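Residues per chain, in single letters:
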Amino acid sequence: MADVVRSVVPATSSSRFTEPNYWRDPDSGNAFQIQVQLPQYRMQGIEELGDVPVMQNGRPEPRLTDIASLQPGSMPGVIERYNGQRVISLTANVHELTLGQAAQQLKATLAQLGAPPRGVSITLRGQIPTLEQTLSGLRTGLLLAVLVIFLLLAANFQSIRLALAIVLTIPAVLCGVLLILWLTGTNLSIQSFMGAIMAIGIAVANAILLVSFAERFRHDGRSPVEAAREGAASRIRAVLMTAAAMTFGMVPMAIGLGQGGAQSAPLGRAVIGGLIVSAFATLTILPSVYAILQGRASVASPSLNPLDPASQYYEAR
């Protein structure tokens, strides 16, 4: 049987599958593979295959038809394996669809087919799993970023209510991002996620600025409503200038001009939408939220440091 294999395989494909042979060029030092292969036009049917001599110890002994019977059969043209497991791959390209839309259609089609037979599993490979992992990581990162911002603000202001008031501007950013993506017909992508994160950072900075000034006015004896109004009035120019500068700076990117501009356009559009809505929410909604949350708050410092003059535990020395 080994002699038959060593004779039939080179005749039908190449000797590289049975006896790999390499020749090293003495001048260049490069190695070249040497193989023996029968021309395809000389192997067109069972009759030609039956005339293949069976080599034994380097000598052609009987023909293949003398020791075996040949008849037509069928077998897979290609056998694929993934990590040693047999697989059947179905590949396709995406045409006039985003990768996320194609993934949704594929999953819906597979769900309609029902459960696969016993011992068979269906797995999506290629760029779809990578996209899903990336989006999942971005969602998780966004939630962790909001949580970290809340904890840092609570530690800085020593007030959970002030931290909550500032963090409540983040939903306005997300609403602005989703609104402008819907108006411009832009899909939610990695670039738009990055734009949303950038807009959240700027919106939180503006909210911190407004709340800090409102707290200063409240500690000066103003009521929470008056402090919120004064804080918004005193910081309206800074908030609008920051939002306007970032918005106009992102307009060329949002238009998608130049080569490859369409890939980065979702980032610019997400930043513009998030900043416009967040600036409006910071100047109109945030003061009301601040006045409600700080309506019964004390003006005494929550500091426990006896060396802090503002602390109720201050000990003069």
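It should be emphasised that the depicted structure is a prediction, and the values quoted were computed from it without experimental measurement. (Residues numbered from 1 in each chain as written. Predicted model: local features only at pLDDT ≥ 70, side-chain atom pairs only at ≥ 80, totals over all residues. Heavy atoms only, no water.)

### Digging into the overall build of the chain
- What the chain contains, in helices and strands, is 10 helices and six strands.
- The C-alpha atoms of the chain give 36 Å as radius of gyration, which overshoots the globular expectation for 317 residues (20 Å, by more than 25%).
- In terms of overall dimensions, the chain has C-alpha extents of about 110 × 55 × 50 Å along its principal axes.
- Considering the chain as a whole, with its 317 residues, one finds that 28% of them fall into the buried category.
- Taking contacts inside the chain between residues at least 6 apart in sequence as the whole, the part at least 24 apart equals 58%.
- Of the accessible surface of the chain, which amounts to about 21,300 Å², a share of 59% is contributed by carbon and sulfur atoms.
- Between the averaged position of the 22 positive side-chain charges in the chain and that of its 18 negative side-chain charges there is a distance of 13 Å. (Helix = DSSP H or I, 4+ residues; strand = E, 2+ residues; numbered from the N terminus. Rg over C-alpha atoms; globule rule 2.2 N^0.38 Å. Buried < 20%, exposed > 50% of the residue type's maximum accessible area, 1.4 Å probe, protein only. Contact = heavy atoms within 4.5 Å. Areas by Shrake-Rupley, 256 points an atom, 1.4 Å probe, with all protein chains shown as cover. Lys, Arg positive; Asp, Glu negative; His and termini not counted. Charge placed at Lys NZ, Arg CZ, Asp CG, Glu CD.)

### Here we look at the layout of surface pockets
- A volume near 1,300 Å³ is recorded for the largest pocket.
- Residue lining of the largest pocket: 33 residues in total, with Ile88, Leu90, Thr123, Leu124 and Arg125 positioned closest to the centre.
- Elements with a contribution of two residues or more to the lining of the largest pocket: β6 (85-87), α4 (99-113) and α5 (127-157).
- Examining the composition of the lining of the largest pocket, we find that seven residues originate from one element, α4, more than from any other. (1 Å grid on protein atoms, 1.4 Å probe; cavity = no way out; pocket = protein on both sides within 12 Å on 5 of 7 lines; lining within 4 Å. Points joined across faces, edges and corners; volume = space filled by probe spheres on them.)

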